Amino acid sequence: MSGRDSVQIPDDRDFGAFRAQCESESGWSLTYSKGGVGVWVQLLEPERALHKIKCRMECRDVPAETLYDVLHDIEYRKKWDTNVIETFDIGRLTANSDVGYYAWRCPKPLKNRDVVTLRSWLPMGSDYIIMNYSVKHPKYPPRKDMVRAVSIQTGYLIEGTGAKSCTITYLAQVDPKGSLPKWVVNKSSQFLAPKVSLWHWGWSGVGGEGSLCPSCSSSQAMKKMYKACLKYPEWKQKHDPHFKPWLFPEQSRLPALALSELSLQHADSLENIDESSLAESKEDRGEGSDEDS
């Protein structure tokens, strides 16, 4: 889907291609492996330092269907995603695709980011895929107080490995539209945006001085999500337990949305923000990691 030239709803071939990328080892460099979490990076455009990242985690005591629910449940996300500023679903395209908005906090004094994406999902027995890419919606143009990021292709492959266990693979190619200072790569907790996946900022600062730190950002974000999964069944029992429109499309309360209302969001049409010279704010310096919290 990364080579698309128009807004399209993914079909079986697209889901198959996404799964193949998640399972492939060719062209990927393993950069982190610890505690059941592995992180791989694929450098696509050296001159832009644009990367693909892949992160895989073994989830014990979490059934595949629970993890799938957590990734879909927008109300629960507002409880455990501490970086969310605003998130909502805009409209429904089909029984297994919608369009949504997500805005999240970045480390001060950087500008916060937001995104509008077309998201599609596919249950496959004990396995599931959720994936998205950026689109433009006329009612939700870029905001002056945010930097509009671009998801070229982002998503999850969830594979059931037992009655109460699964493996999740996160794959992302994202253009966050900006140049960042070095200290940002250590602020892993600020890069979590699971509504559209665990966003990875795969690029470096001006002149290539920044560096990629997937072991910091992706592994901690995945572990945070895992902890949220363990608490989800108890929370869901108290919050509309039978409402799961991602499983039962007839429950959807979203307005119908026509594909013709959307257009592709190209990264080169957005303003590129240079924040590489910004210093870390005192109130952010020394904060604990996701693991601490």
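Residues numbered from 1 in each chain as written. Predicted model: local features only at pLDDT ≥ 70, side-chain atom pairs only at ≥ 80, totals over all residues. Heavy atoms only, no water.

As recorded by an unreviewed UniProt entry, the protein carries the name START domain-containing protein 10 and is attributed to Pteruthius melanotis.

## Observations concerning the side chain of Ser97
You can see Ser97 is positioned in strand β5 (residues 97-104). Reaching out from Ser97, the side chain makes a polar contact with the side chain of Thr94 at a distance of 2.6 Å. Not counting chain neighbours up to four residues away, the residues in contact with Ser97 comprise Ile9, Arg92, Arg119, Ser120 and Trp121. (Helix = DSSP H or I, 4+ residues; strand = E, 2+ residues; numbered from the N terminus. Polar contact = N/O pair within 3.5 Å; in protein donor to acceptor, adjacent residues only side chain to side chain. Contact = heavy atoms within 4.5 Å.)

## What to know about the environment of Lys111
Within the secondary structure layout, Lys111 lies in the loop between β5 and β6 (112-124). Judged by relative accessible area, Lys111 falls into the partly exposed class, the value being 31%. C-alpha of Lys111 to C-alpha of Val147: the two residues are 36 residues apart in sequence and 6.5 Å apart in space. Engagement of the side chain of Lys111 in a polar contact is seen with the backbone oxygen of Lys144, the distance being 2.8 Å. (Buried < 20%, exposed > 50% of the residue type's maximum accessible area, 1.4 Å probe, protein only.)

## Focus: the pattern of salt bridges
Summed over all chains, the structure comprises 13 salt bridges. The shortest N-O distance in the salt bridge between Asp98 and Arg119 comes to 2.9 Å. Highlighted residues: Asp98 in strand β5 and Arg119 in strand β6, separated in sequence by 21 residues. The same class applies to Asp98 as to Arg119, namely buried. One salt bridge connects Arg143 with Asp145, and the closest N-O pair in it is separated by 2.9 Å. On the basis of relative accessibility, which here comes to 44%, the residue Asp145 falls in the partly exposed class. Within the structure, one salt-bridge network assembled from shared partners comprises Arg19, Glu23, Asp127 and Glu159. (Salt bridge = Lys/Arg side-chain N within 4 Å of Asp/Glu carboxyl O.)

## Focus on helix α2 (residues 64-72)
Among the 9 residues that make up α2, 8 are buried, leaving the element largely enclosed by the rest of the structure. Among the residues of α2, Ala64, Thr66, Leu67, Tyr68, Asp69, Val70, Leu71 and His72 are the ones counted as buried.

## Here's the deal with the pairing of strand β10 (residues 165-175)
For β10, the buried fraction is high: 10 of the 11 residues fall into the buried class. In this sheet, β10 lies alongside strand β9 (residues 150-162) in antiparallel orientation, the contact comprising 11 bridges. In the strand pairing of β10, Ile158 is matched with Ile168. (Pairing = 2+ DSSP bridges.)

## Thoughts on the nonpolar core
Leu67, Leu71, Ile158, Ile168 and Met225 are the most contacted members of the largest nonpolar core, which has 33 residues in total. Looking at this core, the elements with two or more residues in it are β2 (37-45), β3 (50-60), α2, α3 (74-80), β7 (127-136), β9, β10 and α4 (214-237). At 6 residues, α4 tops the list of elements feeding residues into this core. Setting aside chain neighbours within four positions, we find Ile158 in contact with Ala64, Leu67, Tyr68, Leu71, Ser126, Asp127, Tyr128, Cys166, Thr167 and Ile168. Counting residues in each nonpolar core, the second largest holds 14 residues, with Tyr101, Tyr133, Met146 and Leu262 among its members. (Core = buried A, V, L, I, M, F, W, Y, C linked by side-chain atoms within 4.5 Å.)

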